[in-house]
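Next come the chains, spelled out residue by residue.
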Amino acid sequence: MGFVPTVALPCPLSAGWEVAEQRLLEPGQGGGFSAGAYRPDRDELWLLSDAPRGSISRWRGLRAGGLQGLIPISTLALQQPEPMDGEGLVVGDKHFWVAAEGRLKPPQPAGLLKYNMATGSLLGSQELPPAWRLSSDRGLRSNGGPESLSQASAGGDLLMAAEKPLLQDPPDRVRLLRWTADASGALQPAALRPLALPPGGWGLTDLLVTNQGLLGLWRLFKAPDQWQARLVLYPPNAITTPKSSNAAATPLAPLISWNLLKLGLAPDNWEVLLAAPPLGDGRPSLLLATDDNFNPLQRSHLARLVPRQLPGCRAAKSQVPSANP
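Residues numbered from 1 in each chain as written. Predicted model: local features only at pLDDT ≥ 70, side-chain atom pairs only at ≥ 80, totals over all residues. Heavy atoms only, no water.

Engineer: What is the right way to read the overall build of the protein chain from this model?
Structural biologist: For the protein chain, the helix and strand inventory stands at one helix and 22 strands. Within the span of the protein chain, comprising 325 residues, buried residues form 53% of the whole. Excluding contacts between residues fewer than 6 apart, the proportion of contacts in the protein chain whose partners are at least 24 apart in sequence is 57%. Looking at the protein chain as shown, the accessible area adds up to about 13900 Å², and 53% of this sits on carbon and sulfur atoms. Of the side-chain charges in the protein chain, 30 are positive and 27 negative, and the distance between the mean point of each set is 5 Å. (Helix = DSSP H or I, 4+ residues; strand = E, 2+ residues; numbered from the N terminus. Buried < 20%, exposed > 50% of the residue type's maximum accessible area, 1.4 Å probe, protein only. Contact = heavy atoms within 4.5 Å. Areas by Shrake-Rupley, 256 points an atom, 1.4 Å probe, with all protein chains shown as cover. Lys, Arg positive; Asp, Glu negative; His and termini not counted. Charge placed at Lys NZ, Arg CZ, Asp CG, Glu CD.)

Okay, here's the thing in structure tokens:
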């Protein structure tokens, strides 16, 4: 199923990123984007909407035309009996998976959902482990995740993360699950070491597994309209299942954090992170997108980032290690 992308990092890491291009989508071109995927075999960009019935807006032309050359194609409506809040997306060869966020009111369970690629029909769903299930005093917070879903290996493993600490956990971490197929082909979750999260209301909105480490997108909102966003890099062992793992383990700290708004991105709800095709000049890129929350005061922004590579820099082995589990 799919592939784990090789994403070039800044060299040195402190060199940071630059914005290669941005695009503001017009009203009517979709909204509520909470996750995305790029299908290199078809040159298709998929953006998942977290509307209650769920849909995926799709475009072609990113490889040749960049953000300005995106051509919309048919929207794929998700077919399921109950409303859900899709927050994570992984696209395979014949199926795709969605991480559905839970809410207490109205009751809406969190889970891992599997859909038919061609029709968008729901093929199955899996509950989260007991420690994650929503309740009044334990588990995920209502509207607190799971917020991201990423492909953890070329063999089909998936990586899921909460947005905020679980109610029973310390406030400085978010939990991770690695879903691996058993002998019957069913995906089974295993707990990983938690990831460190800064205090003050920050949330983890997306993850991208790469061969160089685990890239994460942090978000912070302060009323009435103040947004912050950071891109962070966790070491590759973040996705390796430890011999023993529990929420009390020391959370894994990021190697570095980059302030995205200082790059010139709009102060908005940046929620989507994915590997994109190279620019026309060959430079590798990431694609980011915002969730407009269906709020008339917000908009749907797209942006592509490229890593700065200083002349003569060679990434140290400790800076860009292998992430193959």
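Engineer: Got a minute to help me understand the sheet that holds strand 18 (residues 226-234) in this structure?
Structural biologist: For sheets, the rule is that strands pair by backbone hydrogen bonds, running either parallel or antiparallel. Across the sheet, four strands lie side by side as 16-17-18-19; this open sheet has antiparallel pairing. Since the sheet does not close on itself, it has two edges, and those belong to strand 16 (203-210) and strand 19 (256-259), each with one partner. With strand direction ignored, the average angle separating the axes of adjacent strands in the sheet is 20°. (Pairing = 2+ DSSP bridges. Axes fitted to C-alpha atoms, helices over the stretch in contact; angles between N-to-C directions.)

Engineer: Looking at this structure, how should I read the nonpolar core?
Structural biologist: Inside soluble globular proteins, nonpolar side chains tend to come together where they are buried. Counting 21 residues, the largest nonpolar core has Leu215, Leu231, Trp258, Leu260, Leu273, Leu286 and Leu288 as the members making the most contacts within it. Leaving out residues up to four positions away in the same chain, Leu286 has contacts with Val7, Trp17, Leu208, Leu215, Leu231, Leu273, Leu274, Ala275, Ala276, Ala303, Arg304 and Leu305. The next biggest cluster of nonpolar side chains, apart from the first, holds 20 residues, and it includes Leu176, Leu197, Leu204 and Leu214. (Core = buried A, V, L, I, M, F, W, Y, C linked by side-chain atoms within 4.5 Å.)

Engineer: Can you help me understand the packing of aromatic side chains in this one?
Structural biologist: Working definition: an aromatic ring pair is given by the centre-to-centre distance plus the angle between the planes. All chains considered together, the criterion is met by six aromatic pairs. Their ring planes at 80° and their centres at 6.1 Å tell us that Phe33 and Trp59 sit as a pair that is edge-to-face. Separated by 26 residues along the polypeptide, Phe33 in strand 2 (residues 33-39) and Trp59 in strand 4 (residues 55-60) bring together distant segments of the chain. According to the relative accessible area criterion, Phe33 is buried, its value standing at 1%. With centroids separated by 5.8 Å and ring planes inclined at 80°, the aromatic side chains of Trp46 and Phe96 adopt a geometry described as edge-to-face. On the criterion of sequence distance, the pair formed by Trp46 in strand 3 (residues 44-49) and Phe96 in strand 7 (residues 95-101) is long-range, its members being 50 residues apart. The class of Trp46 is buried, set by a relative accessible area of 0%. Aromatic ring contacts, followed pair by pair, group Trp46, Phe96 and Tyr115 into a single cluster. The side chain of Arg58 reaches across the aromatic face of Trp46, ending 5.5 Å from its centre. (Phe/Tyr/Trp six-rings, centres within 6.5 Å; stacked < 30°, edge-to-face > 60°. Lys NZ or Arg CZ within 6 Å of the ring centre and 35° of its normal.)

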